[in-house]
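# Geometric and topological summary
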Amino acid sequence: MHLGALFISHHVLTSGSVRETARRFQLSPSTVSTAIRHLETELAMKLTERASGELVTLLASGRVLEGLVPITAAIGELGQFAGHDAAAADAHAAWASRIPLKIVTMERFLEVADQGSINRAARRLRLGQPQLSLQLANLEKFLGGRLFERQAQGSVLTEEGRRAYQVFTAISQAWNDLKSSADERYRRTARSLRIGSIIPTGSESWVARCLGSLVSEWNARRSNNAISLVSMTADDLREALKSGRIDVAILDSVFGLESFRHRELLQTDMVVIAPPDSTETNVADLVAGHAICMPSPRTGLGHAAMAFSYERGPNRRFRSQDITAADSLPVIVDLVANHGYVSFLGRVSAMPIADKVRIVNLDEHLPMSYHVAFNHRKAAADACAVIIEAAARITSEPVAQTERVRESAA
């Protein structure tokens, strides 16, 4: 990690703006963004995200900002050492943001100072002596002064070297404090099995119950891999799988899973859920008489429902303002149950809330399927097996009941 990147990151986290930082330091926005990404990678945590085109700093950034304060203070001392007046704020900031010096180089300098010998330090660092000597020479060139006196008994710090030793020690200690937390997060992440799922309709839904069964059974086995759970849309789940942020995903669409191992969890069909006091008997009348709220096309269910709506919708409501997209199924259920909306769900998701809404069949059978995708980890494959068994057990009874209703209606 370069000192310049740490100085840039400190300003971004303080100002909350990549562009303002770029303007102040006369850098390109891409250079500033790269500095933040490198810091996030080094610390194994997300510090910022984009929201409505603006940079938003996350809660974790506050602790990191505190940890960067002693580093930026030491950079100010380093600027004075190198002949840059910290009182000239703009000139100092422009210089500090471009410092090419790596923390690893400073730590190698500290090792030479502690050992009193380039040869001994090179052996401990497992580096070639010429390589280490060249790095020290470049460091002296950057600071504009000699740091060591080469003597018969070894290398002794000069006055400038002792001053550099104090500055570099402060930077190294502050950086190692930040990194120690990151190392522990890396270890936790390596042990953790990260499960992502589509958003459940509620605690009674088959998705929530599958995940509950997974956690209970997994912990009963006393597995070495702790489980962490997160819910998001199908699009986000695919991206999280690709980036490695999750190991297993429960999705309502098979689209985009070609590069992952995946298995079908269950099959069902789409239905309309309507207010409990509604009287319309077919889909056309329901959508003509009620506002619509459905998952967005970023979900597999929302994509299928939207396609069905545009292909078969007989009137204006499928293209007017009273169609609301919401990627929160509990909100959709509340809108239907209590506010007169209609929506679309998979039958297996609608059955557990049959006491809250009316379930109306479509005019024609529209099949849906749910899948579980996972990466190469053995723990991920093991978790998938548990999820598949739980899904089969949890959904078998309501699905069977639904089939009997459909057969009797036929």
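Residues numbered from 1 in each chain as written. Predicted model: local features only at pLDDT ≥ 70, side-chain atom pairs only at ≥ 80, totals over all residues. Heavy atoms only, no water.

## Brief notes about helix α10 (residues 206–220)
In this model α10 runs 21 Å from its N-terminal to its C-terminal C-alpha over 15 residues, within 8% of the 21 Å that 1.5 Å per residue would give. Considered for burial, the residues of α10 that qualify are Trp206, Val207, Cys210, Leu211, Leu214 and Trp218. Projected onto a plane normal to the axis of α10, the buried residues spread over an arc of 135° and lie on a single side. Within α10, the exposed residues directed more than 90 degrees away from the buried face are Ser216 and Ala220. (Helix = DSSP H or I, 4+ residues; strand = E, 2+ residues; numbered from the N terminus. Expected span 1.5 Å × (residues − 1). Buried < 20%, exposed > 50% of the residue type's maximum accessible area, 1.4 Å probe, protein only. Arc of directions from axis to C-beta.)

## Notes on the nonpolar core
By size, the foremost hydrophobic cluster in this structure holds 65 residues, and its most contacted members are Trp206, Val248, Leu265, Val272 and Tyr370. Per-element accounting of this core gives the leading share, ten residues, to helix α16 (residues 378–409). Listed in part, the 57 residues of the second largest apolar core include Leu3, Phe25, Leu78 and Trp95. (Core = buried A, V, L, I, M, F, W, Y, C linked by side-chain atoms within 4.5 Å.)

## Notes on the side chain of Thr158
Here Thr158 shows up in the loop between β4 (154–157) and α9 (159–191). Look at Thr158 and you get buried, because its relative accessible area is 8%. Reaching out from Thr158, the side chain makes a polar contact with the backbone nitrogen of Glu160 at a distance of 3.4 Å. Excluding anything up to four places from it in sequence, Thr158 contacts Arg146, Leu147, Phe148 and Glu149. (Polar contact = N/O pair within 3.5 Å; in protein donor to acceptor, adjacent residues only side chain to side chain. Contact = heavy atoms within 4.5 Å.)

## Comments concerning the packing of helix α1 (residues 3–15) against helix α2 (residues 18–25)
At their nearest, the axes of α1 and α2 sit 8 Å apart, and the two run at 130° to each other. When the axes of α1 and α2 are compared, the pair comes out oblique. α2 is crossed by α1, and the crossing has right-handed handedness. In this structure, α1 contributes Phe7, Ile8, His11, Val12 and Ser15 to the contact, and α2 contributes Val18, Glu20, Thr21, Arg24 and Phe25. (Axes fitted to C-alpha atoms, helices over the stretch in contact; angles between N-to-C directions. Parallel < 35°, antiparallel > 145°, perpendicular 65-115°, else oblique. Left-handed = near helix turned anticlockwise from the far one by under 90°.)

## Quick word on the pattern of salt bridges
A complete count under the given rule lists twelve salt bridges for this structure. As a salt-bridge pair, Lys356 and Glu204 come within 3.6 Å of each other at their nearest N and O atoms. A residue pair is termed long-range when its members are at least 10 positions apart, and Lys356 in the loop between α15 (347–350) and β12 (358–361) and Glu204 in the loop between β5 (193–197) and α10 qualify at 152 residues. Accessibility expressed as a relative area gives 39% for Lys356, which makes it partly exposed. Relative accessible area serves as the criterion here: at 25%, Glu204 is assigned to the partly exposed category. The closest approach of N and O atoms between Lys378 and Asp382, which form a salt bridge, is 2.9 Å. With a gap of four residues between them, Lys378 and Asp382 both fall in helix α16, about one helical turn apart. Here Lys378 falls in the exposed class, since its relative accessible area comes to 62%. Each of the salt bridges in this network shares a partner with another, and the network as a whole consists of Arg194, Asp247 and Arg377. (Salt bridge = Lys/Arg side-chain N within 4 Å of Asp/Glu carboxyl O.)

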